[in-house]
Amino acid sequence: MKKVISTPKAPAAIGPYSQAIQVGNLVFTSGQIPIDPATGQFAEGGIKGQTRQSLTNVKAILEEAGTSLANVVKTTVFLADMADFADMNAVYAEFFAEPFPARSAVAVKTLPKGALVEIEVIAEKA
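This report concerns the structure included in the present document. This one's a predicted model, so the numbers in the text were calculated from it and none came from an experiment.

Side note on helix 1 (residues 46-65)
Part 1 of the reasoning: Between its first and last C-alpha atoms helix 1 spans 29 Å; for 20 residues at 1.5 Å apiece the expected length is 28 Å, and the two agree.
Part 2 of the reasoning: Looking one or two residues beyond helix 1, the residue adopting positive phi is Gly-66, at roughly 90°.

If you want it as structure tokens, here you go:
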């Protein structure tokens, strides 16, 4: 059975989707763009600030689900420009410790609302 996960500590869905869905002991987040839920605006600081906010949003959703970044098994990072990979990666490393989750990182033509990054994860709920 699917359980909807929702928190005001992350941006509300901007379409017909949930912030996250839990099935069994797995939590699947929707892609999180770098909107600060307190202001409704993109985080400042270019790709580093946007990556930090996207991961902060992911963290809030996982906490609402009763899990954490430590239980993430897979991430997918979407970048508007692969030239931002190194800066994104530096901030990403602040949020995850070994054993690191599996990850895919791809460049896409555009992201919602003109974001520089979008991040989705799959986490285990222990």
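What to know about unusual backbone geometry
Part 1 of the reasoning: Following Glu-98, the chain continues to Pro-99 via a peptide bond in cis, the omega torsion being 0°.
Part 2 of the reasoning: Summarising the element assignment, Pro-99 is placed in the loop between helix 2 (85-95) and strand 7 (102-107).
Part 3 of the reasoning: Residues other than glycine seldom take positive phi values, yet Lys-113 does so here, at roughly 60°.
Part 4 of the reasoning: By the element assignment, Lys-113 lies in the loop between strand 7 and strand 8 (117-124).

Re the pairing of strand 8
Part 1 of the reasoning: Pairing analysis gives 3 bridges linking strand 3 (residues 26-29) to strand 8, with the strands arranged antiparallel. Residue pairing in the sheet places Phe-28 in a bridge with Ile-122 of strand 8.
Part 2 of the reasoning: Pairing analysis gives 7 bridges linking strand 6 (residues 72-79) to strand 8, with the strands arranged antiparallel. From the neighbouring strand, Phe-78 faces strand 8, where its bridge partner is Glu-118.

Regarding the sheet that holds strand 8
Part 1 of the reasoning: If you trace the 6 strands from one edge of the open sheet to the other, you get 1-2-3-8-6-7, paired in mixed fashion. Each edge of the open sheet carries a strand with a single partner, namely strand 1 (2-5) and strand 7. On average, each strand axis in the sheet is tilted by 15° relative to the strand beside it, whichever way the strands run.
Part 2 of the reasoning: Packed on one face of the sheet, helix 1 meets strand 1, strand 2 (20-23), strand 3, strand 6 and strand 8 and runs near 30° to strand 8.

Observations concerning the pattern of salt bridges
Part 1 of the reasoning: Enumeration over the complete set of coordinates arrives at 2 salt bridges.
Part 2 of the reasoning: With a closest N to O distance of 3.0 Å, Glu-94 and Arg-52 form a salt bridge. Residue Glu-94 is found in helix 2, and its partner Arg-52 is found in helix 1; the two are separated by 42 residues along the sequence.
Part 3 of the reasoning: Assessed through its relative accessible area of 33%, Arg-52 is described here as partly exposed.
Part 4 of the reasoning: The salt bridge involving Glu-63 is made with Lys-59; its shortest N-O contact spans 3.9 Å. Pair noted here: Glu-63 and Lys-59 are both in helix 1, with a separation of 4 residues, about one helical turn.
Part 5 of the reasoning: The exposure class of Lys-59 is partly exposed, given its relative accessible area of 37%.

Definitions and limits used
- Sequence order as written defines the numbering, with residues in each chain counted from 1.
- For a predicted model such as this one, the threshold for reporting local features is a pLDDT of at least 70, and the threshold for listing and counting side-chain atom pairs is 80 or more; totals across whole chains, interfaces and linings nevertheless cover every residue.
- Processing note: side-chain calculations cover all non-hydrogen atoms of the structure and skip hydrogens and water entirely.
- Numbering of helices and strands runs from the N terminus, with a helix taken as a DSSP run of H or I at least four residues long and a strand as a DSSP run of E at least two residues long.
- In this analysis, the expected span of each helix is defined as 1.5 Å times one less than the number of residues it contains.
- Strands are labelled as partners when DSSP assigns at least two bridges between them.
- Every axis corresponds to a line fitted to the C-alpha atoms, with the helix fit spanning only the stretch in contact, and the corresponding angles, defined between N-to-C directions, vary from 0 to 180 degrees.
- Note on contacts: a residue pair qualifies if any of its non-hydrogen atoms lie within 4.5 Å across the two residues.
- Salt bridge, as applied in this entry: a Lys or Arg side-chain nitrogen positioned within 4 Å of an Asp or Glu carboxyl oxygen.
- Think of it in three bands: residues with accessible area under 20% of the maximum for their type are buried, residues over 50% are exposed, and the middle band is partly exposed, with areas taken using a 1.4 Å probe on protein chains only.

Geometry only, nothing functional implied.
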